[in-house]
Amino acid sequence: MVRTDTSIRLMGLLLDGKPVTDRQLADAIGFKNPRNIAKHLDSFASSGYIRMLPHTGREESPLYQLTDKKEGLLNLYQSRFYRVLRPRIREIDWFIDQVAAGFLPLPKDLFDLVREMMKKSHTFFSLIAGHSNHDQILSFHSLYLFPCRLMGRDDPLFQAYYLYAQLYAEAITRDIREGGLSEGFLEPLDAIQKAILQIGKAYGH
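Residues numbered from 1 in each chain as written. Predicted model: local features only at pLDDT ≥ 70, side-chain atom pairs only at ≥ 80, totals over all residues. Heavy atoms only, no water.

Caption draft 1: Here's a closer look at the packing of aromatic side chains. Taken as a whole, this structure holds eight aromatic pairs when the rule is applied. Considering the side-chain rings of Phe81 and Tyr82, the 4.9 Å spacing of their centres and the 90° angle between planes classify their relative orientation as edge-to-face. With relative accessibility at 26%, the residue Phe81 sits in the partly exposed group. With a relative accessible area of 1%, Tyr82 lands in the buried category. Linked through ring pairs, Phe44, Tyr49, Phe81 and Tyr82 together constitute an aromatic cluster. In this structure, Arg86 is placed above the aromatic ring of Tyr77, and the distance from its NZ or CZ to the ring centre is 5.4 Å. (Phe/Tyr/Trp six-rings, centres within 6.5 Å; stacked < 30°, edge-to-face > 60°. Buried < 20%, exposed > 50% of the residue type's maximum accessible area, 1.4 Å probe, protein only. Lys NZ or Arg CZ within 6 Å of the ring centre and 35° of its normal.)

Caption draft 2: Spatial organisation of the layout of surface pockets. Quantified by volume, the largest pocket comes out at close to 220 Å³. As for the largest pocket, its lining consists of 13 residues, and the residues nearest its centre are Arg83, Arg86, His122, Glu178 and Gly179. When residues of the lining of the largest pocket are traced back to their parent elements, those giving at least two are α5 (86-89), α8 (122-129) and α11 (156-178). The dominant element in the lining of the largest pocket, judged by the number of residues it contributes, is α11, at three residues. Among the residues forming the lining of the largest pocket, the class breakdown is two nonpolar, four polar and seven charged. (1 Å grid on protein atoms, 1.4 Å probe; cavity = no way out; pocket = protein on both sides within 12 Å on 5 of 7 lines; lining within 4 Å. Points joined across faces, edges and corners; volume = space filled by probe spheres on them. Helix = DSSP H or I, 4+ residues; strand = E, 2+ residues; numbered from the N terminus. Nonpolar A, V, L, I, M, F, W, Y, C, P; charged D, E, K, R; others polar.)

Caption draft 3: Quick look at the pairing of strand β3 (residues 63-66). In β3, alternate side chains face the same way, and those of Leu63 and Gln65 on one face and Tyr64 and Leu66 on the other are all buried. Sheet topology places strand β1 (residues 20-21) next to β3; two bridges connect them, and they run antiparallel. What sits directly across from Val20, in β3, is Tyr64. Summarising the sheet, strand β2 (residues 50-53) and β3 pair through four bridges and their orientation is antiparallel. (Pairing = 2+ DSSP bridges.)

Caption draft 4: Broad picture of the environment of Tyr161. Secondary-structure assignment places Tyr161 in helix α11. Excluding residues within four positions of it along the chain, Tyr161 makes contact with Asp109, Leu110, Leu113, Ile192, Ala195, Ile196 and Ile199. (Contact = heavy atoms within 4.5 Å.)

Caption draft 5: How the structure looks around a nonpolar patch on the surface. The grouping of Phe146, Leu150 and Met151 at the surface amounts to a nonpolar patch, some 350 Å² of accessible area in total. You can see Leu150 is positioned in helix α10 (residues 146-151). (Patch = residues over 30% accessible without salt bridge, like charges linked within 9 Å, V, L, I, M, F, W, Y side chains within 5 Å. Areas by Shrake-Rupley, 256 points an atom, 1.4 Å probe, with all protein chains shown as cover. Salt bridge = Lys/Arg side-chain N within 4 Å of Asp/Glu carboxyl O.)

Caption draft 6: Local environment of the pattern of salt bridges. Under the criterion given, the structure shown has eight salt bridges. A salt bridge links Asp112 to Lys108; the nearest nitrogen and oxygen atoms lie 2.7 Å apart. Here Lys108 and Asp112 lie together in helix α7 (residues 108-120), a separation of four residues that amounts to about one turn. In this structure Lys108 comes out as exposed when scored by relative accessible area, which is 61%.

Caption draft 7: How the structure looks around the side chain of Ser182. You can see Ser182 is positioned in the loop between α11 and α12 (187-202). A distance of 3.3 Å separates the side chain of Ser182 from the backbone oxygen of Lys119, its partner in a polar contact. (Polar contact = N/O pair within 3.5 Å; in protein donor to acceptor, adjacent residues only side chain to side chain.)

Caption draft 8: Representation of a negative patch on the surface in the model. Residues Glu91, Glu116, Glu183, Glu187 and Asp190 make up a contiguous surface patch of negative charge. Here Glu116 is to be found in helix α7. Classification of Glu116 by relative accessible area gives partly exposed; the value is 31%. (Lys, Arg positive; Asp, Glu negative; His and termini not counted. Charge placed at Lys NZ, Arg CZ, Asp CG, Glu CD.)

Here it is as structure tokens:
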């Protein structure tokens, strides 16, 4: 597996998702000969990070494009070598949608907030990626709901919003210390706090 600064620069270009030739990639990083990046592209392809498309029209070279498979992009995301690219990977909508697919049964507003939290926080993204659905999150993190029980708030909707607010607050606290936040990371927390207050009012609390 080839891992150099050139690897990061090339992968940064491929994250745009557009099909490109090896010559276009080489030119973009200042290489005159596409052969100089051949090992990098072969390494990307064998790792499942990119796919090679067949010749089209007058193209003399194959086209290279970011993978459209969740597993391949998740492996790229989880590689510590490419950690500098993680914020950009979290901005790829289809990828976020596929990683969060098991959480679709959540109310739409809450699901949308979960998606935004995934985009803003590496730790929160990793948490969602490590669980298949909300029920599993609830099972593993039920202790976070202890204050709800003390307050007598046993309605599932309130508890769901409260749980993700707590998990996200913990995630961004960790990311502040270790790195992994995107710009505007407080916005989802503000939004979910407002939603909790609105739900509380609706239930007369």
